[in-house]
Amino acid sequence: MPAEASTSRPPSPPLTERQEARRRRILHASAQLAGRGGFDAVQMREVAESSQVALGTLYRYFPSKVHLLVATMQDQLERMHGTLRRKPPAGDTAAERVAETLMRAFRALQREPHLADAMVRALTFADRSVSPEVDQVSRQTTAIILDAMGLDDPSPEQLSAVRVIEHTWHSALITWLSGRASIAQVKIDIETVCRLIDLTVPRE
């Protein structure tokens, strides 16, 4: 996706089939390099060589490594969403389903800790120029949570709860990656924050 380093970029025209294939190769190369060596292993020249695109072309799609890795996270979340849709969570309540969904996503990231660390570091480093890519990550996470809740038309209160859940999930990733929280503690925190959903259920 072509990008300019500004805070309010105009919407990009839809990619052609060839451009989309090129973008997918770039994202795949980014994920592969990050998976092997983390944030520092993702060098734009190596990404260009691995994805068989010119370095200048790569920078037209992604102006920096941070843009690229945030887009990589959006792509990974989109893939997770597809997997979750094929095998939805089985909890009896919306809170249980969301907690199960987020822990499944967490465990998927846990299987590739170097990739997870690279993507989360990119999100942490992102400045205003990366806002469109960060917004896409947030929208994808919101869509995953709303699907688990079974909601198509959430109320403002429900969207507020979703935002708090997103913040907690992101924070849990950071604390786990830095070795300051165990998987068991992450699970407790996620289950605790998901109880906010119960407070947003419309009263009879």
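See the structure shown above.
The notes below deal with the structure included here. This structure is a prediction, so every number in the text was calculated from the model and none was measured.

**Points about helix α7 (residues 131-149)**
- Taking 1.5 Å as the rise per residue, α7 with 19 residues should run 27 Å; its terminal C-alpha atoms sit 26 Å apart, in good agreement.
- Every buried residue of α7 is listed here: Glu133, Gln136, Val137, Gln140, Thr141, Thr142, Ile144, Ile145, Leu146, Ala148 and Met149.
- Elements that come into contact with the buried residues of α7 comprise α4 (65-86), α5 (94-110), α6 (113-125), α8 (156-177) and α10 (196-199).
- Immediately downstream of α7, the backbone of Gly150 shows phi near 80 degrees, a positive value.

**Quick look at the nonpolar core**
- Within the largest apolar cluster, 59 residues are counted, with the highest numbers of intra-cluster contacts made by Val98, Trp169 and Cys194.
- Every residue in contact with Trp169, bar those within four places of it in the chain, is listed here: Leu77, Leu102, Ala105, Phe106, Leu109, Thr141 and Ile190.

**Describing helix α2 (residues 44-51)**
- Three or more residues of α2 are buried, namely Met44, Val47, Ala48 and Ser51. Taken around the axis of α2, the buried residues stretch over an arc of 100 degrees, which confines them to a single face. Facing away from the buried surface of α2 by more than 90 degrees, the exposed residues are Arg45 and Glu49.
- Looking at the buried positions of α2, the neighbouring elements they touch are α1 (17-37), α3 (55-61) and α4.
- Looking one or two residues beyond α2, the residue adopting positive phi is Gln52, at roughly 60 degrees.

**Focus on the packing of α4 against α5**
- Running from amino to carboxyl end, α4 crosses α5 at an angle of 130 degrees, the nearest separation of the two axes being 11 Å. One way to sum up the angle between α4 and α5 is to call them oblique. The crossing of α4 and α5 is right-handed. Counting all contacts with α4, which are made through Met80, Thr83 and Leu84, the residues of α5 involved are Thr101, Arg104, Ala105, Ala108 and Leu109.
- Across the contact of α4 with α5, the residue classes break down as 5 nonpolar, 2 polar and 1 charged.

What counts and how
- Sequence order sets the numbering: in each chain, residues are counted from 1 along the sequence as written.
- Given that this is a predicted model, residues contribute local features only at a pLDDT of at least 70 and side-chain atom pairs are listed and counted only at 80 or more, while totals for whole chains, interfaces and linings are drawn from all residues.
- Water and hydrogen atoms play no part in the side-chain values, which are based on all heavy atoms of the structure.
- Secondary structure elements follow DSSP: runs of H or I no shorter than four residues count as helices, runs of E no shorter than two count as strands, and numbering proceeds from the N terminus.
- Take the residue count of a helix, subtract one, and multiply by 1.5 Å to get its expected span.
- Partly exposed describes any residue whose relative accessible area lies between the buried limit of under 20% and the exposed limit of over 50%, with all areas from a 1.4 Å probe on protein chains only and scaled to the type maximum.
- Here, two residues are considered to be in contact whenever any of their heavy atoms come within 4.5 Å of each other.
- Among buried residues, those of type Ala, Val, Leu, Ile, Met, Phe, Trp, Tyr and Cys that are joined through side-chain atoms within 4.5 Å constitute a nonpolar core.
- The arc under discussion is defined with respect to the helix axis, by the directions toward the C-beta atoms.
- To define axes, lines are fitted to C-alpha atoms, for helices over the stretch in contact only, and angles between the resulting N-to-C directions are given on a 0 to 180 degree scale.
- The labels follow the angle: roughly parallel below 35 degrees, roughly antiparallel above 145, roughly perpendicular from 65 to 115, and oblique for the rest.
- Note: crossing handedness is left-handed where the near helix turns anticlockwise from the far helix by less than a right angle, and right-handed where it turns clockwise.
- Charged residues are taken to be Asp, Glu, Lys and Arg, nonpolar residues to be Ala, Val, Leu, Ile, Met, Phe, Trp, Tyr, Cys and Pro, and polar residues to be all remaining types, Gly included.

Remember, this is a structural readout, not a statement about activity or role.
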